[in-house]
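Below, each chain spelled out in residue letters.
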Amino acid sequence: MASFQNLNLNKQLSSAIEDLGFEKPTPIQEQAYPVISSGKNVVGIAQTGTGKTLAYMLPILNWLPFSKQIKPRVLVVVPTRELVIQVVEQIELFAKYKTLRVLGVYGGVNIKTQKAAVAQGCDIVVATPGRLYDLAASRALQLQSIAKLIIDEVDVMLDLGFRFQLTNIFELLPNKRQNLMFSATMTEDVNQLIDDFFITPSKISIAVSGTPLDNISQTCFTVKNFYTKVNLLVHLLKNKEEFGKVLLFIDSKKNADRLFSALEQDFWSELGVIHSNKSQNNRIATIERFNDGVSRILIATDIIARGLDLDNITHVINFDTPVYPENYMHRIGRTGRAEKKGKSILLFTEEENTHKIGIENLMDFKIPEIEFPIDVEVSKELTPDEMPVMIEKNPHKKKTRVAGPSFHEKKEKNKIENKVNLGGGAKIKLKKAKKYKKPISRGDKTQNRKKKR
């Protein structure tokens, strides 16, 4: 049986792992450790919740020696501010007995404060692409000493449009470095990035993209519309023993706020919402309340909740059906973590059925459907997006006139082909020209006056 003792970790790391209560490495941790330790470039593909952070940090922390130098030696790039905070906290736990300086930098806070922190020196920088590039471009953060580059959740970064920043960051890094890239899915964009910047990487794939996790029970409901979904949610969530800790995924910030307002009356003291329009302090406080058990229900958009280590989630409820099947896999991976059992519920309308079929095709698994409860009201209220589109007639559009009985033929003189309407002034000039055998213009009049004088 695999154990952390078999990895030949130094004493400081072994003690930290023991304090965290980790008994054996996950498959991605076990397979990645020797390959990363050998110095090879690595691309790791593993489902969310399988311990990717420890998989790439364990061999790096085991290698990283003590140093007083100012410039960082390890760079970890992640897509969101919340992930920066989380990864920094995890590294500090792993390196509890080592003397290492870890710094997290991200947008939304004063860059001058971060420049001052960078100037103090650090060993590991964890950053979002945008703020990292700003600091590097201003020369506040020097990247010449980076020996290990880790890009985590790379597929999310590419979805968010960070390829340009990533490309610029690569150009600022030394050519001689080890590249590690971890993701839950392998997309065409990810493959292209690997081909462009990684030299013969070793690929470690623990679970094929789209494979449902065995410890997650999946079910679904066919639901009429948004507010009927709300009624069903209220019916389900009132069972606090069953639905102990629920993560609600929804497609947009607008709908997240709308759902929060709809559920607030019944669950105001145990409800939270998180999306990119919320302030940084609000987002951090909301996550802490949810993790600490103060709130039982968290509404979140895909981007915010991706990659966050949210503990002991009993249910993931997909309020809407993701357009991209891979996003469904990321969502349900929030439950059933660390080999615990979890449950996933998908709510889909008739219009979303095509997306559900795409998810089932990706997983090669048909999600069992539960009959809609008869005591749940089917709402007739519609959101603005669900309203039927009314095509209004343009009142300013000219109507095409059809010749009626009063229509008469044009006179012969008006039937001249390509006849041009010259206007009243032009007609008078033509008459004068015909009478006096020459055109009369303002210039001609001036010349005539001079001759008379």
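Now for a look at the structure at hand. Per chain, residues are indexed from 1 in the order of the written sequence. Whole-chain, interface and lining totals are the exception, using all residues; otherwise, since this is a predicted model, local features are given only for residues with pLDDT of at least 70 and side-chain atom pairs are given and counted only at 80 or more. Excluded from the side-chain calculations are hydrogens and water; all other atoms, namely the structure's heavy atoms, are used.

**As for the packing of aromatic side chains**
- Side-chain rings of Phe, Tyr and Trp, where Trp is taken by its six-membered ring, are said to pair if the distance between their centres is within 6.5 Å; with planes under 30 degrees apart they count as stacked, over 60 as edge-to-face, and otherwise as tilted. For the structure shown, the criterion picks out 4 aromatic pairs.
- A centroid spacing of 5.4 Å and a plane angle of 50° characterise the contact between Tyr56 and Phe182, whose relative ring orientation is tilted. Placement of Tyr56 in helix H3 (residues 52-63) and of Phe182 in strand S6 (residues 178-183) is noted, with a sequence separation of 126 residues between them. Of the two residues examined, Tyr56 and Phe182, each falls in the buried class.
- Following the ring pairs from residue to residue traces out a cluster consisting of Phe226, Tyr227 and Phe319.
- The criterion for a charge sitting over a ring is simple: Lys NZ or Arg CZ within 6 Å of the ring centre, and within 35 degrees of the ring normal. One Lys or Arg, Lys148, reaches over the ring of Trp63 and ends 4.7 Å from the middle of that ring.
- The ring of Phe348 carries the charged tip of Lys356 above its face, separated from the ring centre by 5.0 Å. Numbering goes from the N terminus for both helices and strands, where a helix is a DSSP run of H or I of at least four residues and a strand is a run of E of at least two. When accessible area is computed with a 1.4 Å probe and restricted to protein chains, residues below 20% of their type maximum are described as buried, those above 50% as exposed, and intermediate ones as partly exposed.

**Remarks on the nonpolar core**
- The biggest cluster of nonpolar side chains holds 38 residues, and the ones touching the most others in it are Tyr56, Met57, Leu58, Leu61, Val76, Ile124 and Val126.
- At the level of elements, helix H1 (11-20), helix H2 (27-37), H3, strand S2 (74-77), helix H4 (81-94), strand S4 (124-127) and S6 are the ones that each hand at least two residues to this core.
- Among the elements that make up this core, the one with the highest residue count is H3 (7 residues).
- Residues within four places of Val126 in sequence aside, it is in contact with Val76, Val78, Val84, Val87, Val88, Ile91, Val102, Leu103, Gly104 and Val105.
- Within this scheme, the nonpolar core is defined by two criteria: the residues are buried Ala, Val, Leu, Ile, Met, Phe, Trp, Tyr or Cys, and they are joined through side-chain atoms within 4.5 Å. Ile45, Val105, Ala136 and Met157 belong to the second largest nonpolar core, which has 31 residues in total. Throughout, a contact is declared for two residues whenever any of their heavy atoms are within 4.5 Å.

**A few points about the layout of surface pockets**
- Buriedness for pockets is judged along seven lines, at least five of which must meet protein on both sides within 12 Å for an open set on the 1 Å grid over protein atoms alone, while cavities are sets there where a 1.4 Å probe fits but cannot get out, and lining residues have an atom within 4 Å of a point. Grid points are joined across faces, edges and corners, and a volume is the space filled by probe spheres set on the points. Estimates place the volume of the second largest pocket at around 540 Å³.
- Around the second largest pocket sit 20 residues that line it, and Phe226, Lys229, Thr349, Glu352 and Glu386 are the ones nearest its centre.
- Residue type decides the class: Asp, Glu, Lys and Arg count as charged, Ala, Val, Leu, Ile, Met, Phe, Trp, Tyr, Cys and Pro as nonpolar, and the leftover types, Gly among them, as polar. Residue composition of the lining of the second largest pocket, by class: 5 nonpolar, 6 polar and 9 charged.

**What to know about the pattern of salt bridges**
- Between Lys or Arg on one side and Asp or Glu on the other, a salt bridge is scored when a side-chain nitrogen of the former is within 4 Å of a carboxyl oxygen of the latter. Applying the stated rule across the entire model yields 12 salt bridges.
- Arg296 is paired through a salt bridge with Glu270; the nearest N and O atoms lie 2.9 Å apart. Taken together, the residues Arg296 in the loop between helix H12 (280-291) and strand S11 (297-301) and Glu270 in the loop between helix H11 (253-267) and strand S10 (271-274) connect sequence positions 26 residues apart. Residues Arg296 and Glu270 agree in their burial class; the two are buried.
- Taken together, the shared-partner salt bridges in this structure form one network comprising Arg73, Arg101 and Asp123.

**A word on the environment of Val378**
- Tracing the backbone through its elements, the reader meets Val378 in the loop between helix H15 (353-363) and helix H16 (423-436).
- The sequence separation of Val378 and Val223 amounts to 155 residues, and the corresponding C-alpha distance is 8.4 Å.
- In this structure Val378 touches Lys224, Thr228 and Phe372, once residues within four positions along its chain are discounted.

**Details of the pairing of S6**
- When you tally the buried positions in S6, you get 6 out of 6 residues, the bulk of the element.
- Of the two faces of S6, the one lined by Gln178, Leu180 and Phe182 and the one lined by Asn179, Met181 and Ser183 are each fully buried.
- One bridge is not enough; two strands pair if DSSP finds at least two bridges between them. When strand S1 (residues 42-45) meets S6, the two strands line up parallel, connected through 4 bridges. Bridge pairing in S6 links Val43 to Met181.
- Of the pairings in the sheet, the one linking strand S5 (residues 148-152) to S6 comprises 5 bridges and is parallel in character. Bridging from a neighbouring strand, Asp152 pairs with Phe182 of S6.

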